[in-house]
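Architecture at a glance
If you want the building blocks of each chain, they are given just below.
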Amino acid sequence: MEPLYVQIHPRDNVGIIVNPEGLPAGAVFAGGLTLRERIPQSHKVALGRLDAGAPVIRYGEVIGHATRDLLPGEWIREDMLLLPSPPPLDELPLATAVPAPLPPLEGYTFDGYRNPGGSVGTKNILGITTTVQCVAPTVEYAVRRIRQELLPRFPNVDDAVAITHTYGCGVAIDAPGAAVPIRTLRHISRHANFGAAPLIVSLGCEKLQPSRLFPNQRLIPAGAAELPVLEADPYVVRLQDEDLRGFGAIVSAILRVAEKRLDELNRRRRVPCPASALIVGLQCGGSDAFSGVTCNPAVGFAADLLVRAGATVLFSEVTEVRDAVHLLTPRAVNADVARALIREMRWYDEYLARGEADRSANPTPGNKRGGLANVVEKALGSIAKAGTSALMAVASHGEQVKSKGLVFAATPASDFICGTQQLASMNLHVFTTGEGSPYGLALAPVVKVSSRTALAERWFDLIDIDAGRIATGEASIADVGWELFHFLLDVASGRKKTWADHWGLHNALAPFNPGPVT
Ligand code: CA
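Residues numbered from 1 in each chain as written. Predicted model: local features only at pLDDT ≥ 70, side-chain atom pairs only at ≥ 80, totals over all residues. Heavy atoms only, no water.

Considering the overall build of the protein
Looking only at helices and strands, the protein features 14 helices and 22 strands. Expected size for 518 residues packed as a compact globule is a radius of gyration near 24 Å; at 24 Å, the protein falls within 12% of this value. Along the first, second and third principal axes, the C-alpha atoms of the protein reach 80 × 45 × 40 Å. Burial statistics for the protein: of 518 residues in total, 59% are counted as buried. Nonlocal contacts in the protein, meaning residues at least 24 apart in sequence, comprise 71% of its contacts between residues at least 6 apart. Approximately 20200 Å² of the protein is accessible, and the part contributed by carbon and sulfur atoms is 54%. Counting 50 positive and 53 negative side-chain charges, the protein places the averaged centre of each group 4 Å from the other. (Helix = DSSP H or I, 4+ residues; strand = E, 2+ residues; numbered from the N terminus. Rg over C-alpha atoms; globule rule 2.2 N^0.38 Å. Buried < 20%, exposed > 50% of the residue type's maximum accessible area, 1.4 Å probe, protein only. Contact = heavy atoms within 4.5 Å. Areas by Shrake-Rupley, 256 points an atom, 1.4 Å probe, with all protein chains shown as cover. Lys, Arg positive; Asp, Glu negative; His and termini not counted. Charge placed at Lys NZ, Arg CZ, Asp CG, Glu CD.)

Observations regarding the sheet that holds strand E4 (residues 55-58)
Within the open sheet, the three strands sit side by side as E4-E5-E7. Their pairing is antiparallel. The sheet terminates laterally at E4 and strand E7 (81-82), the two strands that pair on one side only. Here E4 runs beside strand E5 (residues 61-66); their pairing, made up of four bridges, is antiparallel. Residue pairing across strands places Val 56 opposite Gly 64, the latter belonging to E5. Helix H9 (residues 375-382) rests against E4 and E5 of the sheet, and its axis sits at about 165° to E5. (Pairing = 2+ DSSP bridges. Axes fitted to C-alpha atoms, helices over the stretch in contact; angles between N-to-C directions.)

Re the coordination of the calcium ion
Looking at the metal site, the calcium ion is ligated by Gln 283 (OE1), Cys 284 (O), Glu 317 (OE), Ala 413 (O) and Asp 415 (OD), spaced 2.2 to 2.6 Å from it. Considered as a linear motif, the donors of the calcium ion on their single chain read Q-C-x32-E-x95-A-x1-D. Here Glu 317, found in the loop between strand E17 (312-315) and helix H6 (325-328), pairs with Ala 413, found in the loop between strand E19 (405-409) and helix H10 (415-422); they are 96 residues apart in sequence, far enough to count as distant. Comparing Glu 317 with Ala 413 shows no difference in burial state: the two are buried. (Donors = N, O, S within 2.8 Å, 3.2 Å for Na, K, Ca; no water.)

Remarks on the packing of helix H1 (residues 136-150) against helix H4 (residues 247-266)
Closest axis-to-axis distance for the H1/H4 pair is 10 Å, and the angle between their directions is 55°. As the angle between them shows, H1 and H4 are arranged oblique. Where H1 crosses over H4, the two elements pack in a sense that is right-handed. In this structure, H1 contributes Thr 138, Tyr 141, Ala 142, Arg 145, Ile 146, Glu 149 and Leu 150 to the contact, and H4 contributes Phe 247, Ile 250, Val 251, Ile 254, Leu 255, Ala 258, Glu 259 and Leu 262. (Parallel < 35°, antiparallel > 145°, perpendicular 65-115°, else oblique. Left-handed = near helix turned anticlockwise from the far one by under 90°.)

Considerations on the domain arrangement of the protein
Quoted interface sizes are often the accessible area lost when the parts come together. What the domain assignment lists for the protein is domain 1 (1-84), domain 2 (125-265) and domain 3 (274-394 + 407-436 + 477-503). Centre-to-centre, using C-alpha coordinates, domain 1 lies 26 Å away from domain 3. Residue-level contacts link 18 residues of domain 1 with 19 residues of domain 3. The contact between domain 1 and domain 3 buries some 1500 Å² in all, and 61% of this surface belongs to carbon and sulfur atoms. In terms of surface lost to domain 3, no three residues of domain 1 exceed Tyr 59, Glu 78 and Leu 83, which account for 33% of the buried area on that side. Counting every contact that joins domain 1 to domain 3 gives three salt bridges. Note that Lys 44 and Glu 377 form a salt bridge whose closest N and O atoms lie 2.8 Å from each other. Put simply, domain 1 and domain 3 have ten residue pairs in polar contact (both at pLDDT 80 or more) between them. The set of elements that each furnish at least two residues to the side of domain 1 that touches domain 3 consists of strand E2 (14-17) and E5. At three residues, the largest contribution of residues to the side of domain 1 that touches domain 3 is made by E5. (Domains from an automatic or database assignment. Buried area = accessible area lost by both parts, 1.4 Å probe. Salt bridge = Lys/Arg side-chain N within 4 Å of Asp/Glu carboxyl O. Polar contact = N/O pair within 3.5 Å; in protein donor to acceptor, adjacent residues only side chain to side chain.)

Describing the side chain of Asn 427
Within the secondary structure layout, Asn 427 lies in the loop between H10 and strand E20 (428-433). Among the polar contacts listed, one links the side chain of Asn 427 to the backbone oxygen of Val 120, at a separation of 3.0 Å. Among the polar contacts made by the side chain of Asn 427, one reaches the main-chain carbonyl oxygen of Ala 277 at a distance of 3.2 Å. Excluding anything up to four places from it in sequence, Asn 427 contacts Val 120, Thr 122, His 191, Asn 193, Ala 277, Leu 278, Ile 279, Ala 444 and Pro 445.

What to know about helix H2 (residues 179-189)
For H2, the buried fraction is high: nine of the eleven residues fall into the buried class. Among all positions in H2, only Val 180, Pro 181, Ile 182, Arg 183, Thr 184, Leu 185, His 187, Ile 188 and Ser 189 are buried. Residues of H2 that are buried make contact with strand E10 (125-130), strand E11 (159-163), helix H3 (210-213) and H10.

Some remarks on the pairing of strand E12 (residues 199-202)
With burial as the criterion, each face of E12 is covered, one bearing Leu 199 and Val 201 and the other bearing Ile 200 and Ser 202. As judged from the two bridges shared by E10 and E12, these two strands associate in the parallel manner. Bridge pairing links Thr 129 to Ile 200 in E12.

This is how it looks when you write it as structure tokens:
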């Protein structure tokens, strides 16, 4: 393979090395540029001379300033860049460059499960919510029994899942931050893939009482003589109830309501639904310098296709949007949406400041090994996932998204916390990765897209889509974007399975709790 680098924007004064093994000193590119030292794949090379203090430009944006004079062909490492300040939140343009609506894309459908309230499932699962960690092993025991003893009798149900977490007690439940994990768990309990019908197991003495999780709602006790056929009212099993004598009786009570719910779920059938019923959550994890060249732009292309088909596309991860927010507020559909985006950035700035987090807290060592020098470079690559359409709405942490089109749903960047928070809304998940992660979720299919072909080849049975072909010119961004779009429709229909679901790789749920622990 000839020495090759990619330059994203004509203004860029750095390129990214494409060759899988990196390139040795003396390697000469087609344009005449000669490497002064060995540079690994996905790391940056200076395309021209840069004086100390000069802006280093990638994606047409400043990712830092040179700490010393740099010569053409030099390897630009993290320590040669001075980190710029984040864009000031008070001076951002509001809805000044709203993209025109993209042409509609009609006729695309998937086979999903319609719920009475209008949501559409991509899986058919019995979900059992826990109000507190104390009951988690009991529910996991019950779920093992459900899988062995009950599921074989309900062939249309895909699985039974315990919704366990570390929240629920020992927390300042009236503190403002408590609203985030509580609403997250409320929406997850009603997930479209559970038929939007909650089944709750409570201990009894915990702070997160079922009535707090579902205020103004009729809660049906598990011991009720006749369990009514319900669409949405939650069943509750309370372990400390006087009439549950011994562990056997507790498990039997859970199995009794589970069987009732399985009977309802088993009657569901997949029916053709418009692609507009998809709510696709996007995130990246283990990013490298290629993520912003290959997988994230391909996901951005697919995001535009989904928006054109009327679907909802969520992008998240506040700390990876913060340094590129000046590119997003102009794209907001109106000034209110732009202000809501700024509100989420400011809230998180203050949250991080309280914890005295410095700006090097993100990226990770793996990100840096992959050639990402700092959070500015990471953010510019990350927002490529959001495509080119107008930003239609902003949701705060754990809020359920109701809008169509491109939506910013605020979450931390942490993979498992972001995924958990997005589950408040999404029925399908796209995860891009450069370094590689076997991440998956039980509640919604997770489609994994790699930034480099080497990763897709090494993890041939973990990565679903290889976007690395874009760097070498074997495929275009549009090719991979369309491939991903069709794959998403197949996965949402149950026609194809993600590798994470094939192996049953399902990460723990980790609701974001910004409130105090007592
Ligand atoms: Ca992430």
